[in-house]
Amino acid sequence: MVGYSGLYQAIAMLLVAYFIICMTVLSVCAISTNGALDAGGAYYMISRALGPEFGGSIGLMFFLANVCGSALFVLGLVEAILATFGVPEDGSAVTSVYQVLPSGYWWSLLYATGISLLCLLVCLVGANIYAKATFLIFLVVMFVLGTIFISFFAVHPHTIVLPSSSAFNPSANGTGPGFPTTANFTGFKLETLLGNLWANYTVDYTTGTTMTFASVFAVMFNGCTGIMAGSNMSGDLKNPSYAIPRGTITAVIFTFIIYNLLSVLVACSCDRILLQRDYSFLRDINIWNPFVTIGVYSSTFSAAMSNLIGASRILYALARDDLFGKVLSPAKKTSHSGNPWASVLLSWFLVQLVLFSGKLNTIASIVTIFFLLVYAAVDLACLALEWASAPNFRPTFRYFTWHTCALGIVGCAVMMFLINAIYASASIAFMLLLLLLIHYLSPTSSWGYISQALIFHQVRKYLLMLDVRKDHVKFWRPQVLLMVSNPRSSVGLIKFINDIKKSGLYVLGHVQLGDLNTLPSDPLQSQYDSWLSLVDNLNIKSFVNLTLADSVRHGVQHLLFISGLGGMRPNTLVLGFYDDCLPKDKLIDPSLCTSQPRDPSGSLDELEQQSPLFHFASLRGSSDRQDYGEFGDGKVLGSQEYVAIIADAMKMLKNVVLARYFNDFDRAQVLSPPSSSPGKGAVYVDVWPVNLLRPDSSSYVDTCSLFLLQLACILNMVRAWRKATLRLFLCVEEGRSVRGSGEKLGQLLKELRIKAQVYSVPWDQQVALHWQRQGEWGKKQSSQSADSAKEEEKQRPDEEEENDYVNSFPSNATRLSNDYLSAVNKLILDPARPAPAVRFLYLPRPPADTSCYTTYLHQLDLLTQDLGPTLLIHGVTPVITTDL
């Protein structure tokens, strides 16, 4: 490092390397002191913090880094052995009687295999013998370091013969003119120091390639990657939370001091030629040459063992977590003492494969980049935990902030691309590929996902920023609360409402009748899993809100008041229609489903077997209703209470939608009609924007009508419904001019960028049936108008006066004849027109007189009889604007 980079750059390299390392060490210490650690070290920390995807991908790469690192140190040991005992490969003269070992690629591979087998033997015996061996090696290395420092002062200056190399000049065997064969150990001299201060990058005599800052840094950084050695042994340590921070920090400080001292002493006492042409020069200047040889052998053997046992523990942890399925299942096997011998063998086998690369510097860059990626992931894990502000993240080691984590990530990323941009990019791509594979193939873990904590943190922040006072009609979207009694009969409606929410809030609401005072615990908690599974299986984007109440009406009020947060609250209530249609179970397992109606007398056990994913109450026959039917205690939602719910929602300024005939609704089937049908495969959505219960009203552009139009347009904007054609029907009465209304509506459609086909439908016969029951209609109209205005004023004092008349329920409601309603129903159902996929009808307000609720519901029933999937819609808020 000093020979090529000079003292200044060498110290700069050490500072950069140890800055990155220290940032990572702080993160390691923080995570390791935040709870009990198990086997796997850095992999365990990352996976439990960032989740299985990140943990598994980084864990596998960390395993490969340790495998390559072990092979790297084995090759380094072989290189050291051959430098002392090897016969020169180029055939030059033997300079020592100890140079007896044959050299060459295959011989080096043989020696490397023998060393790796020795490492394997120690690791197979177990962690105890490894710990004793490494402690003994530590004492030997400390003693040798002591002799090295003494040698700089005790050994007199002398000339050293350089090893020959064919990397410079193959024809001259490295001894030709211009290539010195000797260099000097000068002792402490200012001239020597000045000659070693600046960089001088030349050809590496072992590989023949020109060295650069990046390549020197890559080789040097491998001497700093041991910071995870203690963490890798986390499963074998008695008290990892205590030992890892103290051991790692001490090791980092100690090695930093040693490296800097050695760099300064070497720069002051050794010729640059000596440093560049003889990597074993410390042996030649020692008081007794074998000391350094023993130290090099010991330290490299220890590092090789450390990486091998670390790799085996990471592989064992990966296998035990089942992230890669059965591929790694053999690695789970352990001995009676708990030593994962199968993982050790697999790791050793991969080390053996890496040894075929032959040269130390060839794989140094790859190993360094893998280690840097792992360090960045540890920093990211700590950063995520700190940013999530989770109350349970309270490590006893507090000497870190999110700034240190971020600096560590940036430092690691920069150094990765400086070392080798291609390897760095390939490593990141490999990590992302693994991440995706694990995400889609591995089972859900129970470790807890940091992503959930971060999402919670961000969502809370943005919800606080979502100010309801800044709402504007331009950015209005439906935020729907769909009340569901039993999902078994409401699958079609749940899916359809998911289509018209337009990226808005969608809440599935359910009321369970009961009194918490009489119950031992909350019965709703156990039901949430079934509802959330339903949301997942139907592939809809919805929340679930359940409540316990003494009546359905009170329960719906609860949900309308409390559903949502801040600016995300339901503005539209959707109810199933109140009728006597027989509900059908749509959650039955298709393999068990038959075309015959299910026997309602079947046992509950049989029904649960039919749909094992969901634990919803079974449908118990015709007494159930699509909206809210029979409950466990036998109570049934009455018609009076049902209409009262509609009235309550309108009082709370919520839009109301009643959905009828969605029991058998299947979007895929509806949107793919047979070509033999009257419409020749076309799909239609019909909109009737007039109050059909008010034959005397002729406004098509009130708030409610425009709300109908907006919802139909939103449905048409959904990808699956884009091919559907909107059909807008204007009811024309002879003697009344609707040309102005038609033109006004056509112009409005153009301004609102809504593409729809407008049809005029004569309804003189239907209106005539109505007025037969009214007497002299001229007198009635004026009295009805006055009564309606007064009645509406009582209910909605804040709404615009022009909408009071058309939206209110008529005072002559009780006198609407069944004949008129049936005639209007047939008008809508006209067989001459192709049947639409769904119809949108105008829903009038319920009457102010509660005694008329049953009549009101009966009229809606007659109006929508046999219409197929139909939405009765009442809008109370403006939702359309022509402004930019």
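Procedures and definitions
- Residues numbered from 1 in each chain as written.
- Predicted model: local features only at pLDDT ≥ 70, side-chain atom pairs only at ≥ 80, totals over all residues.
- Heavy atoms only, no water.
- Helix = DSSP H or I, 4+ residues; strand = E, 2+ residues; numbered from the N terminus.
- Buried < 20%, exposed > 50% of the residue type's maximum accessible area, 1.4 Å probe, protein only.
- Areas by Shrake-Rupley, 256 points an atom, 1.4 Å probe, with all protein chains shown as cover.
- Polar contact = N/O pair within 3.5 Å; in protein donor to acceptor, adjacent residues only side chain to side chain.
- Contact = heavy atoms within 4.5 Å.
- Pairing = 2+ DSSP bridges.
- Right-handed = clockwise from strand over helix to strand, strands pointing away.
- Salt bridge = Lys/Arg side-chain N within 4 Å of Asp/Glu carboxyl O.
- Patch = residues over 30% accessible without salt bridge, like charges linked within 9 Å, V, L, I, M, F, W, Y side chains within 5 Å.
- Axes fitted to C-alpha atoms, helices over the stretch in contact; angles between N-to-C directions.
- Parallel < 35°, antiparallel > 145°, perpendicular 65-115°, else oblique.
- Nonpolar A, V, L, I, M, F, W, Y, C, P; charged D, E, K, R; others polar.
- Core = buried A, V, L, I, M, F, W, Y, C linked by side-chain atoms within 4.5 Å.
- Left-handed = near helix turned anticlockwise from the far one by under 90°.
- Phe/Tyr/Trp six-rings, centres within 6.5 Å; stacked < 30°, edge-to-face > 60°.
- Lys NZ or Arg CZ within 6 Å of the ring centre and 35° of its normal.
- Lys, Arg positive; Asp, Glu negative; His and termini not counted.
- Charge placed at Lys NZ, Arg CZ, Asp CG, Glu CD.
- Expected span 1.5 Å × (residues − 1).

1. A word on the overall build of the chain
Of regular secondary structure, the chain possesses 30 helices and 12 strands. Taken across its 884 residues, the chain has 51% of its residues classed as buried. As presented, the chain carries roughly 40,700 Å² of accessible surface, and 61% of it is formed by carbon and sulfur atoms.

2. Considering the side chain of T572
Tracing the backbone through its elements, the reader meets T572 in strand 6 (residues 572-576). Since its relative accessible area comes to 3%, T572 is described here as buried. A distance of 2.8 Å separates the side chain of T572 from the side chain of N571, its partner in a polar contact. Once residues lying within four places of it in the same chain are set aside, the contact partners of T572 are W476, Q479, V480, L481, N655, V657 and F707.

3. A few points about unusual backbone geometry
Even without glycine at this site, N539 takes up a positive phi of about 55°. Along the polypeptide, N539 turns up in the loop between helix 19 (528-538) and strand 5 (543-549).

4. What to know about the pairing of strand 3 (residues 480-483)
Both faces of strand 3 are covered, namely the face carrying V480 and L482 and the face carrying L481 and M483. As paired strands, strand 3 and strand 4 (residues 506-513) are joined by four bridges and run parallel to one another. The residue of strand 4 that forms the bridge with M483 is G509. Where the polypeptide runs from strand 3 across helix 18 (residues 491-499) and back to strand 4, its parallel neighbour, the crossover connection is right-handed. Across three bridges, the pairing between strand 3 and strand 6 is parallel. Looking at strand 6, one finds that V480 is bridged to T572.

5. Description of the environment of H858
Here H858 is to be found in helix 30 (residues 853-863). Residue classification places H858 among the partly exposed residues on the basis of a relative accessible area of 37%. Along the primary structure H858 and Y578 are separated by 280 residues, whereas in three dimensions their C-alpha atoms are 9.6 Å apart.

6. Quick look at the pattern of salt bridges
Taken as a whole and judged by the stated rule, the model has nine salt bridges. A salt bridge links D579 to R660, with the nearest nitrogen and oxygen atoms 3.2 Å apart. You can see D579 sitting in the loop between strand 6 and helix 21 (604-610) and its partner R660 sitting in strand 7 (residues 655-660), a full 81 residues away along the chain. Like D579, the residue R660 is buried in the burial classification. In this structure, R727 and D686 form a salt bridge, with 2.7 Å as the shortest nitrogen-oxygen distance. Of the two residues, R727 is situated in strand 9 (residues 725-732) and D686 in strand 8 (residues 684-688); the sequence distance between them amounts to 41 residues. Classification of R727 by relative accessible area gives buried; the value is 3%.

7. Re a nonpolar patch on the surface
On the surface, Y105, W106, F349, L353 and F356 cluster together into a nonpolar patch covering about 570 Å² of accessible area. Of all the elements in the fold, those that place two or more residues in the nonpolar patch are helix 4 (105-125) and helix 13 (341-354). Within the secondary structure, W106 sits in helix 4. With relative accessibility at 60%, the residue W106 sits in the exposed group.

8. Structural notes on the sheet that holds strand 5
Here 10 strands make up an open sheet; going across it, the order is 5-4-3-6-7-12-11-8-9-10 and the pairing mixed. Only two strands of the sheet have a single neighbouring strand rather than two, namely strand 5 and strand 10 (757-762). Looking at each pair of strands side by side, their axes are set apart by 25° on average, direction ignored. Relative to the sheet, helix 20 (residues 552-562) contacts strand 3, strand 4, strand 5 and strand 6, its axis offset from that of strand 5 by approximately 135°. Most of the contacts of helix 24 (residues 703-717) go to strand 11 (residues 838-842), to which it runs at about 165°, and overall it touches strand 6, strand 7, strand 8, strand 9, strand 11 and strand 12 (870-874).

9. Re the packing of helix 22 (residues 639-651) against helix 30
Two elements in contact, helix 22 and helix 30, have axes whose closest approach is 9 Å; the angle formed by their N-to-C orientations is 85°. With respect to helix 30, the element helix 22 is oriented roughly perpendicular. Within the contact between the two elements, helix 22 uses S639, Q640, Y642, V643, A644 and A647 and helix 30 uses Y853, T854, Y856 and L857. Grouping the constituent residues of the contact of helix 22 with helix 30 by class yields seven nonpolar, three polar and no charged.

10. Here's the deal with the nonpolar core
Core analysis: the biggest nonpolar cluster contains 113 residues, and F217, M228, L355 and L372 have the highest contact counts within it. Per-element accounting of this core gives the leading share, 19 residues, to helix 14 (residues 360-388). Excluding residues within four positions of it along the chain, F217 makes contact with M13, V16, A17, M415 and I419. Counting 58 residues, the second largest nonpolar core, distinct from the first, contains V687, W721, F840 and I880.

11. Quick notes on the packing of helix 3 (residues 52-85) against helix 12 (residues 289-320)
Interhelical geometry of helix 3 versus helix 12 gives an angle of 160° and a closest axis separation of 8 Å. Taken together, helix 3 and helix 12 sit at an angle that is classed as roughly antiparallel. Here the hand of the crossing between helix 3 and helix 12 comes out left-handed.

12. Topic: helix 2 (residues 42-50)
Each full turn of the α-helix corresponds to 3.6 residues, which orients residues three or four apart in the same direction. A large share of helix 2 lies buried, amounting to eight of its nine residues. Where helix 2 is concerned, the buried positions are A42, Y43, Y44, M45, I46, S47, A49 and L50.

13. Re the packing of aromatic side chains
Scanning the model with the defined rule gives 24 aromatic pairs in all. Among the aromatic residues, those joined into a ring-pair cluster are F496, F662, F665 and W721. Across from the ring centre of Y462, 5.5 Å away, lies the NZ or CZ of K461, which sits over that ring. Here the guanidinium or amino end of R727 rests over the ring plane of Y684, the centre of that ring lying 4.1 Å away.

14. Observations concerning a positive patch on the surface
A grouping of R477, K502, R719 and R722 is seen on the molecular surface, where their side chains present a positively charged patch. Position of K502 among the secondary structure elements: in the loop between helix 18 and strand 4.

15. Thoughts on the environment of D271
Examined against the element boundaries, D271 turns out to sit in the loop between helix 9 (240-269) and helix 10 (272-277). Expressed as a C-alpha distance, the spacing of D271 and N184, which sit 87 residues apart in the sequence, is 5.7 Å.

16. Considering the side chain of D648
By secondary structure assignment, the location of D648 is in helix 22. Discounting residues that sit within four places of it in the chain, D648 has contacts with R553 and Q557.

17. Details of the environment of I645
Along the chain, the position of I645 falls in helix 22. The sequence separation of I645 and L575 amounts to 70 residues, and the corresponding C-alpha distance is 9.4 Å.

18. Focus on helix 4
For helix 4, which comprises 21 residues, the first-to-last C-alpha distance of 31 Å matches the rise-based estimate of 30 Å (1.5 Å per residue) to within 8%. Among all positions of helix 4, only S108, L109, Y111, A112, T113, I115, S116, C119, L120, V122 and C123 are buried. Against helix 3, helix 5 (127-154), helix 12 and helix 13 lie the buried residues of helix 4. Of the residues trailing helix 4, G126 is marked for its positive phi of about 135°.

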